[in-house]
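# Descriptive analysis of the structure
Next come the chains, spelled out residue by residue.
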Amino acid sequence: MAADRETWERQAEMLVNRIRKNRRRLGPWLKAEGISCFRLYDRDIPELPLVVDWYEGRLHVSHLSRDDGADPEAPAPAAPGALSARAEHLAARVAAALDVPADQIHLKRRDKAPGGTQYDRLRRSGREIEVGEGGHRFLVNLSDYVDTGLFLDHRITRRLVAAEARGRRFLNLFAYTGSFTVYAAAAGAASTTTVDLSQRYLDWAERNLRLNGLAGPAHRLVRDDAIAALEDGRVAGGYELVVVDPPTVSKSKRMRRPFDVQGDHAALLRSVLGVTAPGGVVYFSTNLRRFALDFDPRGAAEIEDISAKTIPPDFRDPKTHRCFRIVKR
């Protein structure tokens, strides 16, 4: 046990030093951009498979499973979601170094969801906090779910969408908590349609809209299987700006059929272009690390890989996500 403690102390010192270094490096950029929620540590050191995010004075720490790139020599947890004493020690040391109170540390183990299923809810505190991004306010929940409600890696992508939203009809598919919708609506979109299979996330999206004074009849929230809705014509045509950010894999029984983004993205994008107006813009994104675009629009659209310019400076991994801008001819 003493040897373990010595190892933990050495690792904690490495982690704290790296986080301090990252914070110094990011400081001028964070101040210039007015960013208050950001990534402090992104698996920088292979033997320390953690992700550390800062949410306005609170720490959200994810201890990654081996399936997500953790140390292959690390022992498996005793049960799904179990936290190791080492992870708890590391998180506590980071919090102390950053002067974060113990009750503002949110530590989770991020295991790979089995068989394409959704991550289970971890607890039911229902405790949400407001955070700011890009002049907007968002509700995040740092304790109840594996994800918080706001994907920080798409900060730049949201800004790009907003820059093209004024006067356009906007469609957000697989919308999660509606952050893209908030950006588009605030930027002057003529209307927005937000589609997700989860009523929980649609309700969250509505709270985000209301928080920004944007709720109203021009901003529709639709609970539906996005793929089936496109195929069956429940999504009307003529959208001039679309965001498509599907799950990597889904075997939800509420969907018409299982979905795999690598094998199914071409059919999905054909359906999306079918409801996109000529000259309309589609932003398509996935976090599948080994994703290879295999979609030939046959002259019906122009495709630009914008992945590199949409990954912000606080994310170290160039494979954090893939993102494409598609313009329908």
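In the block above lies the structure referred to throughout.
Note that this is a predicted model, so its numbers are computed, not measured.

Parameters at a glance
- Residues numbered from 1 in each chain as written.
- Predicted model: local features only at pLDDT ≥ 70, side-chain atom pairs only at ≥ 80, totals over all residues.
- Heavy atoms only, no water.
- Buried < 20%, exposed > 50% of the residue type's maximum accessible area, 1.4 Å probe, protein only.
- Helix = DSSP H or I, 4+ residues; strand = E, 2+ residues; numbered from the N terminus.
- Core = buried A, V, L, I, M, F, W, Y, C linked by side-chain atoms within 4.5 Å.
- Contact = heavy atoms within 4.5 Å.
- Axes fitted to C-alpha atoms, helices over the stretch in contact; angles between N-to-C directions.
- Left-handed = near helix turned anticlockwise from the far one by under 90°.
- Nonpolar A, V, L, I, M, F, W, Y, C, P; charged D, E, K, R; others polar.

## Points about helix α4 (residues 179-186)
Across the eight residues that make up α4, a large majority, seven, are buried. Within α4, the full set of buried residues consists of S179, F180, T181, V182, Y183, A184 and A185. Note on α4: the residue one or two positions beyond its end, G188, has a positive phi of about 100°.

## Overview of the nonpolar core
The biggest cluster of nonpolar side chains holds 31 residues, and the ones touching the most others in it are Y55, V131, V140, V161, F170, L241 and Y283. Going through the elements one at a time, β5 (129-133), β6 (136-140), α3 (155-163), α4, β10 (239-244), β13 (276-286) and β15 (322-328) are the ones with two or more residues in this core. Counting residues per element, this core draws most heavily on α4, which supplies five residues. Look past the residues within four positions of V140 in its chain and what remains in contact with it is Y55, R127, E128, I129, V131, T148, L150 and W204. Counting residues in each nonpolar core, the second largest holds 30 residues, with Y239, M255, F259 and L268 among its members.

## With respect to the packing of α3 against α4
Look at α3 against α4: their axes get within 8 Å of each other, and the N-to-C directions meet at 35°. The two elements α3 and α4 meet at a crossing, and its hand is right-handed. Of α4, the residues touching α3 (which contributes T157, R158, R159, V161 and A162) are S179, F180 and Y183. Along the lines of polarity and charge, the residues of the contact of α3 with α4 split into four nonpolar, two polar and two charged.

Read these as spatial facts, not as claims about activity.
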